[in-house]
Amino acid sequence: MQLMYPYFLTIHLICAIIFLGFIFTDVFLLTALKKSLGEKADELLSPVMKRGVKIMPICVLLLVISGGAMMSSYLNSELGFFNTNLQKLLMIKIILALIIVLFIINALVFKLMLKRANPIKSTHSIVLVLGFITVVLAKMAFFV
């Protein structure tokens, strides 16, 4: 497993950058564009959002798989789960990541299966905040 760790880490970081970058762009840039363009915004931004709906689930899946693989180096039955500060912060990070995944599943179900608007209007804002906290926790875990 240790031989594969750098590859999982690279995949994880690239996917995290892509995912949070897209969410950041939507929350801060595309929202402002939508407000200024009014009704034309949906027509202009539709290709961007369609591509995002195709790319982001793959990105999140790779994030979860690579994160799970890396997690097994720090959390397991031999090492424990809450014995060190690193493990405690990683467990919090994992819980936040799972909440993000639940928000994504919810959004995809409404978009693709139910073909209705997501009732949680602030999904991207919540995911952005949780993602930011997750990144900070990941960095703190190795310095605490």
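Before any of the text, the structure's been laid out above.
Residues numbered from 1 in each chain as written. Predicted model: local features only at pLDDT ≥ 70, side-chain atom pairs only at ≥ 80, totals over all residues. Heavy atoms only, no water.

A. A look at the side chain of K93. Here K93 shows up in helix α3 (residues 85-113). No salt bridge forms around the buried K93; measuring N to O, its nearest opposite-charge neighbour E78 is 22 Å away. If we skip the residues at most four places from it in the chain, K93 touches H12, T134, L137 and A138. (Helix = DSSP H or I, 4+ residues; strand = E, 2+ residues; numbered from the N terminus. Buried < 20%, exposed > 50% of the residue type's maximum accessible area, 1.4 Å probe, protein only. Lys, Arg positive; Asp, Glu negative; His and termini not counted. Salt bridge = Lys/Arg side-chain N within 4 Å of Asp/Glu carboxyl O. Contact = heavy atoms within 4.5 Å.)

B. View of helix α2 (residues 40-71). Counted at 1.5 Å a residue, the expected span for α2 with its 32 residues is 46 Å, and the 45 Å between its end C-alpha atoms agrees. A maximum bend of about 50 degrees is found in α2 at S46, where proline P47 lies one to four positions downstream. Those residues of α2 that fall on the buried side of the exposure criterion are A41, L45, G52, M56, C59, V60, L63, S66, G67, A69 and M70. Buried-residue contacts for α2 involve α1 (5-37) and α3. (Expected span 1.5 Å × (residues − 1). Bend = angle between axes of the 7 residues up to and from the residue.)

C. How the structure looks around a nonpolar patch on the surface. A surface patch of nonpolar side chains, amounting to about 520 Å² of accessible area, comprises V129, F132, I133, V136, M140 and V144. Along the chain, the position of V144 falls in the segment after α4 (123-141). (Patch = residues over 30% accessible without salt bridge, like charges linked within 9 Å, V, L, I, M, F, W, Y side chains within 5 Å. Areas by Shrake-Rupley, 256 points an atom, 1.4 Å probe, with all protein chains shown as cover.)

D. Fine view of the packing of α2 against α3. The interhelical angle for the contact between α2 and α3, taken along N-to-C directions, is 155 degrees, at an axis separation of 11 Å. Between α2 and α3, the interaxial angle falls into the category roughly antiparallel. Seen along the crossing, α2 lies across α3 with a hand that is left-handed. The residues of α3 that touch α2, namely those facing V53, P57, V60, V64 and M71, are I94, V101, I104, L108, K111 and L112. Here the contact of α2 with α3 is composed, by residue class, of 10 nonpolar, no polar and one charged. (Axes fitted to C-alpha atoms, helices over the stretch in contact; angles between N-to-C directions. Parallel < 35°, antiparallel > 145°, perpendicular 65-115°, else oblique. Left-handed = near helix turned anticlockwise from the far one by under 90°. Nonpolar A, V, L, I, M, F, W, Y, C, P; charged D, E, K, R; others polar.)

E. Layout of the nonpolar core. Formed by 26 residues in total, the largest nonpolar core has its most connected members in F19, I23, I100 and V127. Looking at this core, the elements that each hand over two or more residues are α1, α2, α3 and α4. The biggest single contributor to this core is α3, with nine residues. Those residues within four positions of V127 in sequence are excluded, and the remaining contacts are F19, L20, I23, I100 and F103. (Core = buried A, V, L, I, M, F, W, Y, C linked by side-chain atoms within 4.5 Å.)

F. How the structure looks around the environment of C15. Residue position: C15 is located in helix α1. Taking the C-alpha atoms as reference points, C15 and V136, 121 residues apart in sequence, are found 16 Å from one another. Discounting chain neighbours no more than four positions away, the residues touching C15 are C59, L62 and L63.

G. Looking closely at the pattern of salt bridges. The full count for this structure, using the stated rule, is one salt bridge. Of the charged contacts in the structure, one is a salt bridge between D26 and K34, with a shortest N-O distance of 3.5 Å. Residue D26 is classed as buried on the basis of its relative accessible area, which comes to 6%.

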